[in-house]
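# Results of the structural survey
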Amino acid sequence: MGDYIFKEIEKKWQQFWEKEKIFKAEVSDRPKFYCLEMFPYPSGKIHMGHVRNYTIADVYSRYKWMQGFNVLHPMGFDAFGQPAENAAIKNKTRPDIWTHKCIEWMRSELKKMGFSYDWDREISTCDSDYYKWNQWIFLKMFERGLAYKKASAVNWCPSCQTTLANEEVVDGGCWRCHTEVKQKELEQWYLKITDYKERLLEDLKQLKHWPQRVITMQTNWIGKSQGVEIYFRQKESNKVIPVFTTRVDTIFGATYIVLAPEHPLVAEFIKGKPQEKEVAKFIAKVAKESKVVRASSEINLVKECWATQENKGVSNGLKKEGVFTGAYAVNPVNNEEIPIWIADYVLMEYGTGAIMAVPAHDQRDFLFAREHKLPMRMVIQLSDVSCQLTSDSMTEAYEGDGIQVNSRQFNGLANQEAKIKIAEWMEQTGIGKIQTHWRLRDWLISRQRYWGTPIPIIYCLKCGIVPVPYADLPVELPKDAPFTGEGGSPLEKVKEFVEVSCPKCKSKARRETDTMATFFDSSWYFLRFCSPKYKEAPFDVKEAKYWMTVEQYIGGIEHAILHLLYSRFFTKFFKDLGMVDFDEPFQRLLTQGMVLKDGEVMSKSRGNIVDPDAIIKKYGADSLRLFILFAAPAETELEWDDRAIEGAYKFLKRVWRIKNNLKEKADPAIVRVLHKTIKKVSEDFQELKFNTAISSLMELTNAIYLSGADKEVFSKLVILLSPIAPHFSEELWQILGNKESIVKAGWPAYEPNLLIEENITIVIQVNGKLRSRVEIPVDTEEKKLKEIVLSDDKLKPWLKGKPIKKFIIVPKKLINIVV
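With respect to the secondary-structure elements, Gly353 resides in the loop between strand 12 (336–343) and strand 13 (354–357). Under the relative-accessibility criterion, Gly353 is labelled buried at 0%. Among residues more than four places away in sequence, those in contact with Gly353 are Val258, Leu259, Ala260, His263, Val346, Leu347 and Met348.

Spelled out as structure tokens, the structure:
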């Protein structure tokens, strides 16, 4: 029956699955299961991160198929985006040509892994029959006031005459030409996600099967804060400077306030002062900085959740830079004059663009005050009088609870009680107002790039902003746009695209040349998969009613906020349109861990890439699948190990050899091991614990090598292994005489009565070598066990005339007699 030759086997079964459409999903009376992994950007080659993500989803989908579910497991490509445009410029080609070549290559690589996709449902977001519906959704939002335009600052390269993403700003310069980057005000399109903030926050309670880490990250990103807006006043002009805080109990400890460099009052405060030139120089310097760098709190939020709900619009982790304006503010609670500073870590976009600084009770303020030699004042003291703190002796801010001190009429109150009383007093006296603030801001979707969905808007001098009529969708990208990398968006240079007639008055008008952020495309693709060829709307409502919601969603933790938040927002919008009847798109979420090599994330720059294609050629896709699942739990990081991939290959060859030595009838003991394994593997698969499931399959294989197996036991082992090593298992299933695909075999059930151990088989070794086996009652005492073993005739030749030095017992498994 031959050796295990994976190259012949894998190609054979991939062709069979495709020809027979084994994984085609159609609406039926069977219970459905929708399994989805975050679709990839088509870079052209899959990497080990893709392999891990997609293998996890594939095993789970195959398991559900075999349980009798009608499984939807689709694949597509998140195909728009800046990398393709950059590649087109570099390679002197068009982005569409480049992208479709990459998609073809990536599709072939995914098929080599044997993934169980319904390829008839493939979508690509750069195809006009997909992005037509992006435009349709935009127009629906525009009609409801959720899409609007306003001015905002962007990174701008004066040399290339184009905007740059934050990631394209390297050491303050353009990544392409190294020209110093400026901040430029541009009119940009936004989506009013803030209208959904309450629902986005409240509905997190429905997500019982999401990682708590992701729930916390989204909660803090939305950032609902109860606090007080306090009305400081500038000393000279008496102009109000509103400051929001959640720590009103520390107001008597405010020793300075900090404004964002962009704050509209800064120019007035510094005019004519000795500090005017220094402040202006600092503002110009900050204007060149990426706001992502300035707001490093955002980066930290994406990488890890904030520890608290407090949001003061400041960063944590980078050195804070600032300058004194020369102006002073009056603290309304005690009429104290305190200096007004500006600093890079306060952004106009967050809160009011101004913070009160209480260095004794806020670590970020503490570090800034130490750096710039600003005063500190304790206003919350430890309740234990023997452990009193002083501002002079502090090495870090005290951010805990305690008793109010230096707080006038509120002295002696517990600070949590003082929060309420101070807030009420401020409202009564008109020096502050109790408010709820949100961290969430509206979503900027404008990109001054070519390779994205054109925004379906026309500008008319008579009619103003005019939406493109639905009948005229899609607004297609012109094929002949010039790609030089210079002079702004290529769309602006295509006369036929830009110059149009106004849909209302028919006079001359011009088309919007901004395109949509690619997150727009991925915010609803899971719904398009339900009916990818539907031509009347973004998706067929009836098909979506059957397939949605997604029972299992799988993707990286880096998407924990933006993509997942936007997808939740779009779902709620579709519900408002009456197109869906649910609030949340994804029932269960797994964020798989990264694949590392030598302790670091794989990357070309580090030179530690392991090419999946090379591994497939050497060991086969099934060995790679087995290794990637066995090496670590799905949600943790995985360290690549060349020896372990070799071990996975050897294990499959070991299972392969069992077919040559099948017994007529299996021992009762091995049948019991089989049924225990069925139970354990089924439970582990359901919880996505594939590493422990594989461990159980290896134990069963070892037991078969010791006791042998008949065709029925071996067939069950092959079925249990099939979601993990599908090509290998299909071939064995056929060798065992089966005509249909193993996918149709059905998932085996265990017999509860066979889980109860009456007798167990004990392996007997002499000096570590297998010499016999004995079957004994499971509750046999150790003394009786020794007697039974020493009376075994098979052992006598090995023990004759030799004193026993040691009797090593591994309970319920083996005895090693050392002589």
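What follows deals with the pairing of strand 11 (residues 322–331). The element strand 11 is extensively covered by neighbouring structure, given that seven of its 10 residues are classed as buried. One ladder, built from two bridges, connects strand 8 (residues 224–234) with strand 11; its direction is antiparallel. Looking at the pairing, Gln234 lines up with Ala329 of strand 11. The antiparallel hairpin formed by strand 11 and strand 12 contains four residues in its connecting segment, where Asn335 sits at a positive phi of about 60 degrees.

Attention now moves to the pattern of salt bridges. Inspection of every chain in the model, using the stated rule, returns 41 salt bridges. Between Asp120 and Lys24 there is a salt bridge, and its shortest N-O distance comes to 3.1 Å. Residue Asp120 is found in the loop between helix 4 (95–112) and helix 5 (128–143), and its partner Lys24 is found in the loop between helix 1 (6–20) and strand 1 (32–37); the two are separated by 96 residues along the sequence. With a relative accessible area of 32%, Asp120 lands in the partly exposed category. Looking at Lys24, the relative accessible area reads 31%, which means it is partly exposed.

The subject of this paragraph is the state of the cysteines. In the structure shown here, the tally under the stated rule is zero disulfides. With no disulfide of its own, Cys35 has Cys530 as its nearest cysteine by sulfur position, at a separation of 14 Å.

As a further point, take helix 4. For helix 4, with 18 residues, the first-to-last C-alpha span of 26 Å sits near the 26 Å given by 1.5 Å per residue. Residues of helix 4 that are buried in the fold lie against helix 2 (48–66), helix 3 (82–91) and helix 19 (612–619). Once helix 4 finishes, Gly114 follows within two positions and takes phi at roughly 75 degrees, a positive value.

It is worth spelling out unusual backbone geometry at this point. Cis geometry is adopted by the peptide bond preceding Pro474, which originates at Leu473 and carries an omega value of 5 degrees. Even without a glycine there, the phi angle at Asn335 is positive, about 60 degrees. Of note, Asn335 is situated in the loop between strand 11 and strand 12. Relative accessible area serves as the criterion here: at 59%, Asn335 is assigned to the exposed category. The phi dihedral of Asn767 is positive, around 55 degrees, even though this residue is not glycine. Here Asn767 is to be found in the loop between strand 29 (759–766) and strand 30 (769–777).

What counts and what doesn't
Residues numbered from 1 in each chain as written. Predicted model: local features only at pLDDT ≥ 70, side-chain atom pairs only at ≥ 80, totals over all residues. Heavy atoms only, no water. Helix = DSSP H or I, 4+ residues; strand = E, 2+ residues; numbered from the N terminus. Buried < 20%, exposed > 50% of the residue type's maximum accessible area, 1.4 Å probe, protein only. Contact = heavy atoms within 4.5 Å. Pairing = 2+ DSSP bridges. Salt bridge = Lys/Arg side-chain N within 4 Å of Asp/Glu carboxyl O. Disulfide = S-S within 2.5 Å. Expected span 1.5 Å × (residues − 1).

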